[in-house]
Amino acid sequence: MKDIIDKALLEGRTYLMEHESKAILESFGFSTTGSDLARSEEEALQLFHSIGGPVVMKVLSPSVIHKSDSGGVKLNLRTEEDVKKAYSDIVSAFEDEKMIGVSVQRMANPGVEVIIGVTQDSTFGPILMFGLGGVFVEVLKDVSFRSIPLSKSDAQDMIEEIKGYSLLKGYRGYSIDIFSLKELLLSVSDIVAKNPQIFEVDLNPVFLYPNGYTVVDARMILGERKSEKPGNVKQDLHDLFYPESIAIIGASGTPGKLGWNVFTNLVTHGFKGKLFPINPRAEEILGIKAYSRISDIKEHVDVAIILVAASTTPEIVRECCESGVRYIVVESAGFAELGETGKQIEEKMKHIADQYGARLLGPNCSGVINTHCNMVQSIGIVDALSKGNIGLVSQAGVCAAGMLWGLRHIMDFGIIATIGNKLDINETDMLEAVSKDEKINIICMYLESVKAGRRFIDVSRLITLSKPVIILKSGRTEAGKKAVTSHTASLAGNDEIFSAVFRQAGIIRARDYEHMFKLARAISKQPLPDGPGVFIITYSGSLGVLASDAITDNGMILSELEPHLKERLKRLLPDYVCGLNPVDYTFSQNADTVKKTLEIGVDSEEVGSVIVILQAEILESYIEVLKSIDFRGKPVIVCVAGKEFALEAVIRMEGAGIPVFSTPEECADALAVMHRHALRVKREKPA
């Protein structure tokens, strides 16, 4: 391999032609159709006779990448005359394309055509692609992606994700060798992972057979990959979330100023540690002694919050570091988001913090909220919060704090951490730190970008085995897409890569804010389903039918109760109720009948989860009854059409630990997400 690559680079080429690419693959044990170089008609005939069967001839030129598109491939050549004509046609068509010759290779037996490729992503590095292949690959776009290196389960998931999976596993008596395909994907991943000079790969098509495979066409592109800088792992960030003392630089006694808001939040929420307001023009703020500068404080300070003009922050960061502060939260704005001058200020701050081994959060953030130690650093005034098990990491500070006003009535957050411009502490640092908190059971994230993509994958993959992670990722357009040099690159849109990487890491991707918080409410309050079966109780036939459709559409099933439970249920039901799932009580549904029906349903081994559709006008009557039921570790979600007209009862039901959604579709979506996550954890978690 080294000789082939060195030769190409010596000639000023980064594109490896088919015969070179196949030679590299064959050196690693790949099965290919071969590719011998013929520089004359006589050599082409010699190769034809040595192969001893029908052959394919292709143009070999460093300037011709898509050979089929330009007529540079001649198939099924069976006679000397066929070979002579094909050679003449190719030479005539490409004489101005720096031809080095013609490739002669055996004609592959027909098989299922797929593509396997590698492209580079600016965030996650080398990305493997798999899908249905051939000349229509860019039309079909039936492909899946994973970040390299792959695990065995990654390879299996890539195969099962494509729409054409049913064709691969068996169609009209013909199926392909799935095991060999998995090994092929893992081998391509391994080669690219161990050889960083391989920048892009296209194996298209690869023919899959009932036994084995053959690579029919191949090309590689050389390049220099960006190496991922190691993350800052000097500290575990515990004291950032649980400080014993906080200095607020820029604290103010003037209502309406950001310094007033932050300091007021810390005081009114009852932060139990020591507070040191820093303001050279004040003797005290809210009855607490003020200091002119942080160096005047004779006690140790764990966290410093900076709320001053951006231009002055580097020297304040230096003073904080010299005073022994280990965690600095820069809530000021006016940095990289405003241009080059702001970037230079950021670089100065980062350089100073690194010199002293301090960690820096922000800038342009809204600090950290930790309800378990009564710490609210938000730049917006925050009302009373309950202590909860939900962690939220957000790149948008004001948005995260602003949503609390309404969500605090139906969701209980434990930690809300905003990261702003991510100058030092980034999303992976925060995810890792929040996940270590025993009071947090589920983590939501709002992200606009990811730093150190591979570390993000590795960290997330471990965390999601014990704590579900839901991410809302914005910026889903294809603006700024790279210039296309291969089929793989043309199919690898930025958003597709993020979705694939999230699946690879076990992350649940939300569609929007509302979807993220609906899922968070369900997962934070209910256990994960242990099976795909769903039991539905309803007062409305139409809503029951919609729920049934939604369950099926989401890959789950309606539970079939065991015979003895069916008999129990039949004895309970009025004569006019004929269905056993959904159970439709129509106008007679009340709290007592729902309780008795649920107690039968949850006894079934076939029931993994429950949807209860309740009347908004009498929702209050169901709350205590549902609280009293032992659901035997099975999740229950309530559906209330028109719930916005029964908000007091909805808030009480949510407070009882039972999520309330507006539509059957929302309920089915949440349960399906929870079930898929449970299956992934069961598969991936070590025994």
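In the block above lies the structure referred to throughout.
Here the structure is a predicted model, which is why all the values come from computation and not from measurement. (Residues numbered from 1 in each chain as written. Predicted model: local features only at pLDDT ≥ 70, side-chain atom pairs only at ≥ 80, totals over all residues. Heavy atoms only, no water.)

Caption draft 1: How the structure looks around the pattern of salt bridges. With the rule as written, the count across this model stands at 45 salt bridges. Where Arg13 meets Glu20, a salt bridge forms, and the shortest distance between an N and an O atom there is 2.8 Å. The exposure classification of Arg13 matches that of Glu20, with both residues buried. Here Glu514 and Lys518 are joined by a salt bridge, their closest N and O atoms 2.6 Å apart. In this pair, Glu514 and Lys518 both sit in helix H18 (residues 513-525), four residues apart, roughly one turn of the helix. Relative accessible area serves as the criterion here: at 53%, Glu514 is assigned to the exposed category. Judged by relative accessible area, which is 10%, Lys518 ranks as buried. (Salt bridge = Lys/Arg side-chain N within 4 Å of Asp/Glu carboxyl O. Buried < 20%, exposed > 50% of the residue type's maximum accessible area, 1.4 Å probe, protein only. Helix = DSSP H or I, 4+ residues; strand = E, 2+ residues; numbered from the N terminus.)

Caption draft 2: Region of the structure containing the pairing of strand S8 (residues 143-147). The element S8 is extensively covered by neighbouring structure, given that five of its five residues are classed as buried. Going residue by residue along S8, you find Val143, Phe145 and Ser147 tucked away on one face and Ser144 and Arg146 tucked away on the opposite face as well.

Caption draft 3: View of the packing of helix H6 (residues 152-161) against helix H8 (residues 178-194). Direction vectors running N to C along H6 and H8 enclose 120°, while the axes themselves pass 9 Å from each other. Crossing angle aside, the handedness with which H6 passes H8 is right-handed. In contact with Lys152, Ala155, Gln156 and Ile159 of H6, H8 contributes Ile178, Leu181, Lys182, Leu185 and Leu186. Class assignment for the residues of the contact of H6 with H8 results in six nonpolar, one polar and two charged. (Axes fitted to C-alpha atoms, helices over the stretch in contact; angles between N-to-C directions. Left-handed = near helix turned anticlockwise from the far one by under 90°. Contact = heavy atoms within 4.5 Å. Nonpolar A, V, L, I, M, F, W, Y, C, P; charged D, E, K, R; others polar.)

Caption draft 4: Expanded view of the sheet that holds strand S4 (residues 73-77). Spatial strand order, S2-S5-S3-S4: four strands in an open sheet with antiparallel pairing. Here the strands that pair on one side only, and so sit at the sheet edges, are strand S2 (36-38) and S4. For this sheet, the mean inter-axis angle between neighbouring strands, taken without regard to orientation, is 30°. Relative to strand S5 (residues 101-106), strand S3 (residues 55-60) runs antiparallel, the two being bridged by six bridges. Within the sheet, the bridge partner assigned to Val56 lies in S5 and is Gln105. (Pairing = 2+ DSSP bridges.)

Caption draft 5: The arrangement of helix H14 (residues 427-435) in detail. The element H14 is largely enclosed, with a buried count of eight among its nine residues. Looking only at H14, the buried set comprises Glu427, Thr428, Asp429, Met430, Leu431, Ala433, Val434 and Ser435.

Caption draft 6: Region of interest: the packing of aromatic side chains. This structure, assessed with the given rule, holds eight aromatic pairs. Summarising the aromatic geometry, the rings of Phe456 and Phe502 are spaced 6.3 Å apart at their centres and angled 55° between planes, so their arrangement reads as tilted. Linking Phe456 in helix H15 (residues 453-463) with Phe502 in helix H17 (residues 494-504), this pair joins segments that are 46 residues apart in sequence. Each member of the pair, Phe456 as well as Phe502, is classed as buried. (Phe/Tyr/Trp six-rings, centres within 6.5 Å; stacked < 30°, edge-to-face > 60°.)

Caption draft 7: Representation of the sheet that holds strand S20 (residues 375-376). Reading across from one edge, S20-S19-S22-S21-S23-S24-S25 is the order of the seven strands in this open sheet, with mixed pairing throughout. Bordering the open sheet on either side are S20 and strand S25 (508-509), each of which pairs with just one other strand. Pairing analysis gives five bridges linking strand S23 (residues 442-447) to strand S24 (residues 469-473), with the strands arranged parallel. Note on S24: the bridge partner recorded for Tyr446 is Leu472. Contacts from H14 reach strand S19 (368-370), strand S21 (390-394), strand S22 (413-418), S23 and S24 within the one sheet, and its direction differs from that of S23 by about 165°.

Caption draft 8: Here's a closer look at the environment of Phe124. Examined against the element boundaries, Phe124 turns out to sit in the loop between strand S6 (112-121) and strand S7 (125-132). For Phe124, a relative accessible area of 3% gives the class buried. In this structure, the C-alpha to C-alpha distance between Phe124 and Ser147, residues 23 residues apart in sequence, is 6.6 Å. The contacts of Phe124, once residues within four sequence positions are left out, are Ser147, Val450, Gly453, Phe456, Ile457, Ile497, Phe498 and Val501.

Caption draft 9: Looking closely at the pairing of strand S30 (residues 636-639). Residues Val636 and Val638 point to one face of S30 and Ile637 and Cys639 to the other, with burial holding for every one of them. The pairing of strand S29 (residues 609-613) with S30 spans four bridges and is classified as parallel. If you follow Ile613 over to S30, its bridge partner there is Cys639. Handedness of the S29-helix H22 (residues 623-628)-S30 crossover: right-handed. Of the strand pairs in this sheet, S30 and strand S31 (residues 660-661) are connected by two bridges, and their pairing is parallel. Among the inter-strand pairings, Val638 is bridged to a residue of S31, identified as Val660. The parallel pair S30 and S31, bridged by helix H23 (residues 647-655), forms a crossover whose chirality is right-handed. (Right-handed = clockwise from strand over helix to strand, strands pointing away.)

Caption draft 10: Up close: the nonpolar core. Residues Phe124, Phe241, Ile246, Ile248, Ile305, Met430 and Phe456 are the most contacted members of the largest nonpolar core, which totals 59 residues. No other element matches H17, which puts five residues into this core. Ignoring any residue separated from it by four or fewer positions in sequence, one finds Ile248 in contact with Val262, Phe263, Leu266, Leu275, Phe276, Pro277, Ile278, Ile305 and Leu307. Residues Met403, Leu404, Met411 and Ala550 belong to the second largest nonpolar core, which totals 45 residues. (Core = buried A, V, L, I, M, F, W, Y, C linked by side-chain atoms within 4.5 Å.)

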